[in-house]
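# Architecture at a glance
Spelled out from the first residue to the last, the chains are:
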Amino acid sequence: MKRLLLSLAVVTSTLSAAPDDFVRQLEEAARVASIMIDGDLCQKIVTPRAMEFMFQTQPRDKWLASDNYDVDDAAFTAVKKTLIRISRLISFPADANLWMPVAGRPDKIRIVIRNANEMSQFWPWGALYQNMIPAMKKVLDSGRPLTVSEKPGWASVLAPVSNSLGDVVALVEVASQRSADAHANVK
Amino acid sequence: MLGLRCVVLGLLASALAAAASVEALPEHARPDPFGDIVAVDRCPSCAWQKSVALEAARGGYVSFHLVVKLPERGDYSVSLEFEKDSGIELDVFREWFHLTDRDRSYYPDALIPVRFPYRSSMPEPDNRIEKQTAQAFWIDLWIPRDTRSGVYKGKSTLRSAAGNAELPVEIRILSAVVPDRDVITMDHNSYGSSWLASQYPALQRRFGNRFFSSDKFFRLIHSYHRIFYEHRGTFHQLGYGHAGKVGPEFAPALEGTGKRKHVAGWDLFDRHYGALFDGSAFTGTRRGPRPIPFVYLPINPEWPASFLWWGEPGYEAEFVSVVSEMERHFRQKGWTQTRMEVFFNHKKRYMGFSWDGDEVRFPKDDAYFLEYGRLLRKAIPASTPVRFVFRADVSWSMEEQFRKLAGVVTMWVASGGILSWYPEAPAMLHKRGDIVWYYSGPPEVSKPASTITRFPLQGWLWGVDGFIHWLAVDPGPDPWFHFNGGATALVYPGERFGVESPLASVRLKIQRNCVQDLALLESFKEQRGLAGLRREAAQRYNKSTPEQWWNPRPAFADQPPYEWTGSDIDRATAATDRILERLEPDAWQRVRQFVLQLASEEK
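Note that the structure is a prediction, hence the values are computed from the model and not measured. (Residues numbered from 1 in each chain as written. Chains lettered and ligands numbered in written order. Predicted model: local features only at pLDDT ≥ 70, side-chain atom pairs only at ≥ 80, totals over all residues.)

## Some details on the overall build of chain A
We count it as follows: Helical segments are the DSSP runs of H or I of at least four residues, strand segments are the runs of E of at least two, and each set is numbered from the N terminus. Here the radius of gyration uses the C-alpha set of atoms, whereas the globule reference equals 2.2 Å times the residue count to the power 0.38. To sort residues by burial, count the other C-beta atoms lying within 10 Å of each one's C-beta; a count of 20 or more means buried, 12 or fewer means exposed, and anything in between means partly exposed. C-beta atoms are built from the backbone. Contact between two residues is assigned when their C-beta atoms, built from the backbone, lie within 7 Å.
Within chain A, the secondary structure is distributed over seven helices and six strands. Ordered by position from N to C terminus, the α and β elements of chain A give α-α-α-α-α-α-β-β-β-α-β-β-β. Computed over C-alpha atoms, the radius of gyration of chain A comes to 16 Å, within 12% of the 16 Å expected from 2.2 N^0.38 for 187 residues, which places it in the range of a compact globule. In chain A, buried positions account for 38% of the 187 residues. Once local pairs closer than 6 in sequence are excluded, the contacts in chain A between residues at least 24 apart make up 61%.

## Some details on the overall build of chain B
Helix and strand content of chain B: 17 helices and 22 strands. Each principal axis of the C-alpha atoms in chain B carries an extent, and together these give about 100 × 55 × 50 Å. Split into buried and exposed, the 603 residues of chain B put 50% on the buried side. For chain B, restricting intrachain contacts to residue pairs at least 6 apart in sequence, the fraction spanning at least 24 positions comes to 72%.

## A closer look at helix α2 (residues 21-36) of chain A
The criterion, for reference: Take the residue count of a helix, subtract one, and multiply by 1.5 Å to get its expected span.
In this model, α2(A) (16 residues) spans 22 Å end to end at C-alpha, consistent with the 22 Å of a helix rising 1.5 Å per residue. Listed as buried for α2(A) are Gln25(A), Leu26(A), Ala29(A), Ala30(A), Ala33(A) and Ser34(A).

## Re unusual backbone geometry
Residue and element names in this part refer to chain B. With omega at -5°, the peptide bond leading from Met122 into Pro123 counts as cis. With respect to the secondary-structure elements, Pro123 resides in the loop between β7 (118-122) and β8 (134-143). With an omega of 5°, the peptide bond between Trp303 and Pro304 qualifies as cis. On the secondary structure map, Pro304 appears in the loop between β15 (294-296) and α6 (313-333). With a phi close to 50°, Arg104 is a non-glycine residue in the positive phi region. Owing to 7 C-beta atoms within 10 Å, Arg104 belongs among the exposed residues under this scheme. Even without being a glycine, Arg128 presents a positive backbone phi close to 55°. Relative to the helices and strands, Arg128 is located in the loop between β7 and β8.

## Topic: helix α12 (residues 506-522) of chain B
Taking 1.5 Å per residue, 17 residues should reach 24 Å; α12(B) reaches 25 Å between its end C-alpha atoms and fits that length. For α12(B), the tally of buried residues reaches 17 of 17 residues, placing the bulk of the element in the interior.

## Some thoughts on the packing of α2(A) against helix α6 (residues 73-87) of chain A
Residues and elements named next belong to chain A. Going by this rule: Helix axes are fitted only over the stretch in contact, all axes being lines through C-alpha atoms; the angle between N-to-C directions runs from 0 to 180 degrees. Relative orientations are named as follows: roughly parallel for angles under 35 degrees, roughly antiparallel for angles over 145 degrees, roughly perpendicular for angles from 65 to 115 degrees, and oblique for any other angle. Two helices crossing with the near one rotated counterclockwise from the far one by less than a right angle form a left-handed crossing, whereas a clockwise rotation gives a right-handed crossing.
Running from amino to carboxyl end, α2 crosses α6 at an angle of 155°, the nearest separation of the two axes being 9 Å. Here α6 runs roughly antiparallel to α2, going by the angle between their axes. Once α2 is placed against α6, the crossing between them reads as right-handed. Contacts between α2 and α6 involve Ala29, Val32, Ala33 and Met36 from the former and Thr82, Ile86 and Ser87 from the latter.

## Here we look at the nonpolar core
What counts is decided by this rule: Note on definitions: a nonpolar core is a set of buried residues drawn from Ala, Val, Leu, Ile, Met, Phe, Trp, Tyr and Cys, linked by C-beta atoms within 7 Å. Either an automatic procedure or a domain database provided the assignment from which the domain bounds are taken.
Counting 164 residues, the largest nonpolar core has Trp412(B), Ala414(B) and Val491(B) as its most contacted members. Considering each element in turn, this core owes the most residues, nine residues, to α12(B). Both domain 1 (19-177) and domain 2 (185-505) of chain B contribute no fewer than three residues apiece to this core. Other than its neighbours up to four places away in sequence, Ala414(B) contacts Val394(B), Met398(B), Leu419(B), Val436(B) and Tyr438(B). Counting 49 residues, the second-largest nonpolar core is a separate cluster that includes Leu83(A), Met119(A), Ala175(A) and Met351(B).

## A closer look at the sheet that holds strand β4 (residues 74-82) of chain B
All names here are of chain B. As a reminder of what qualifies: At least two DSSP bridges between two strands are needed for those strands to be called paired.
Sheet architecture is open: five strands sit in the order β2-β10-β9-β4-β7, paired in mixed fashion. With one partner strand each, in any of the chains shown, β2 (52-58) and β7 form the two edges of the open sheet. Shown here is a sheet whose adjacent strand axes are inclined to one another by a mean of 25°, direction ignored. Two elements, β4 and β7, share five bridges in a ladder whose sense is antiparallel. In the sheet register, Asp75 faces β7, and the bridge partner there is Ser121.

## Observations regarding the domain arrangement of chain B
Residue and element names in this part refer to chain B. To keep things clear, this is the line we draw: Each residue gets one of three labels, nonpolar for Ala, Val, Leu, Ile, Met, Phe, Trp, Tyr, Cys and Pro, charged for Asp, Glu, Lys and Arg, and polar for the others, Gly among them.
Once the domains are mapped, chain B shows domain 1 (19-177) and domain 2 (185-505). Listed by partner, the interface residues are 18 residues for domain 1 and 21 residues for domain 2. At the level of elements, β5 (89-99) and β6 (106-114) are the ones that each hand at least two residues to the side of domain 1 that touches domain 2. Considering each element in turn, the side of domain 1 that touches domain 2 owes the most residues, six residues, to β6. Grouping the constituent residues of the side of domain 1 that touches domain 2 by class yields nine nonpolar, three polar and six charged.

## Details of the interface of chain A and chain B
Each partner contributes residues to the interface: chain A has 33 residues there, and chain B has 30 residues. Of all the elements in the fold, those that place two or more residues in the side of chain A that touches chain B are α5 (64-67), α6 and β2 (105-113) of chain A. No other element matches α6(A), which puts seven residues into the side of chain A that touches chain B. Of the residues that constitute the side of chain A that touches chain B, the class distribution is 14 nonpolar, eight polar and eleven charged.

Here you go:
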């Protein structure tokens, strides 16, 4: 709840002020992402087998879920290339990351594609899935974009992605840092 | 009468126990701060010594723990001197006693360089152990290659308010010389360089935003290479992340796109690697300047070619153009000794790319290796003197990859557990000119000190070329008072002690001495036969045979690797785990005695 209130407070404060060029560029790229990312293709990325193992645990095999993580190469590559193009709409280093909810687990969210600047405000390094982020839930529920600035110096614009049925099935996090750290996440 | 005699004897014993003393322990018996030996290192041959008698070959180190014991708080000074003309060089380190969070015990590991005579007080002020009564010093004696063989005498002297004491030290120097060439490469791995800023916060503050481009930063990186080199090892620093982000000092700067993509500048790259590739970073070391033997290149699916063009002509154009420039640059600089590794570390579970570069489990991913093999052949002239190698870190599907990627991958870093099913693999891979290493990790300090000798010995018994400690520079947030055990650290940041370079550890020293012994042992293979030497070493180490260091290939290995489980693998490697799980503290000492026996027979 504390996280939700904080997120909403930050969102409100960001939106109530006139966006500076930094945020404006991210928002423009996110708007394009909502149009250009193919939700049906996104739904084909992670293999059914990987989803089957994602929540399985075994005390004697702590890598069970991640060792079975696999993706459809063609779908992954096609969506990733579009995400890279979207990030290139921005004049400073930024990433467009794909996030998706987990069918049957409304309390969870997972990152599906990351990009070359390794920027995200929300991904704890290494997680296959994580607890639903309130701002992301809001985007998935409402189908409207949201700008979030939880970490100092960061902004992420969350843009909904729909499939051909009109369902919001994913979201793109267009993220950047005002002062980029050239050495972070080189690991 | 009997009662009076008991009282007198009791008083005498108490007076003796209360006296100040300087004593010694063999390297594999680590002292604790209370005058005892750490529990896991106790063994019948691990006793306190009132005099030291050592034997050593030339061109190597011989080591022991020197321990000052005081009955009460107070100041002391301690020294160690040898006959003036001995030529023996003395390196002294104060042993830091780390308090582990897990078992709330003290273990000595980080080694702080000091000079003798060393003056301090008990308890050692900065180590903050209230009831400390013993301070340990790691003594490294370097025996130059030109030292005359014979017996040399020395003496350690302790002066304190509680009394003075002496410890005679005698060293017999053999005519045998430790070969310079190692029989196995001991590699120590790390990721990126942001950890340097966190481990050296004062330095980072001093340079601010300029830290990562300062000369000091590059000297710090070189000091990590140097400490591992001085301990007969190597150091790797991976310069990119799982989604392809490249640290600026790990790659040349690039400009342009498609067929116009090119190298725009080598400044940071050359400042980082120039002294490592020409060996000048090692000037002044006892082993002498020598180019580093291996290095990770920054090549990954996102560098130098953008993944945006994957599968299109632009990907090949960008990749071939920049890699060709790298080859030319290395050739023009004369950087032809180091093996330049094209290595894909990414895993699809970290969501950067759709295939596993590291530890392929799904056979479809091998197609990417074949494609990069094609691109490399196009980028690098067949006649280049630059030593590019295509490295793959393999586990699940190594058996199939050894076949499918023959002639493409030329350096294999294999999971030790799964490699243990394939005793024929090292010879088969060597026959086609490939390099074979396996993966390991440093044992925690709470394991017997001899545990770290398992890895060089295993590699030598297996006949592979090297092994990697997966992560060797991360001692955790507070190694000094809340230690996590050190399973990812063999060195420590020196900044706390005013040293702008890493500190070695007891485990690193023991590992060095072990591989030094192996180099000497293998030098007798002409006379004794390599198989015989291996058999004797294994027998002395843990009463095993070389065959017991391999496991039978399990039946499930006939199934596709994506059908196996981690538990299956654990069961299929349990036999070798069992023979190594209760390693005796003096296991390596018994092998060393064999080596020294052979060496002393040499004229």
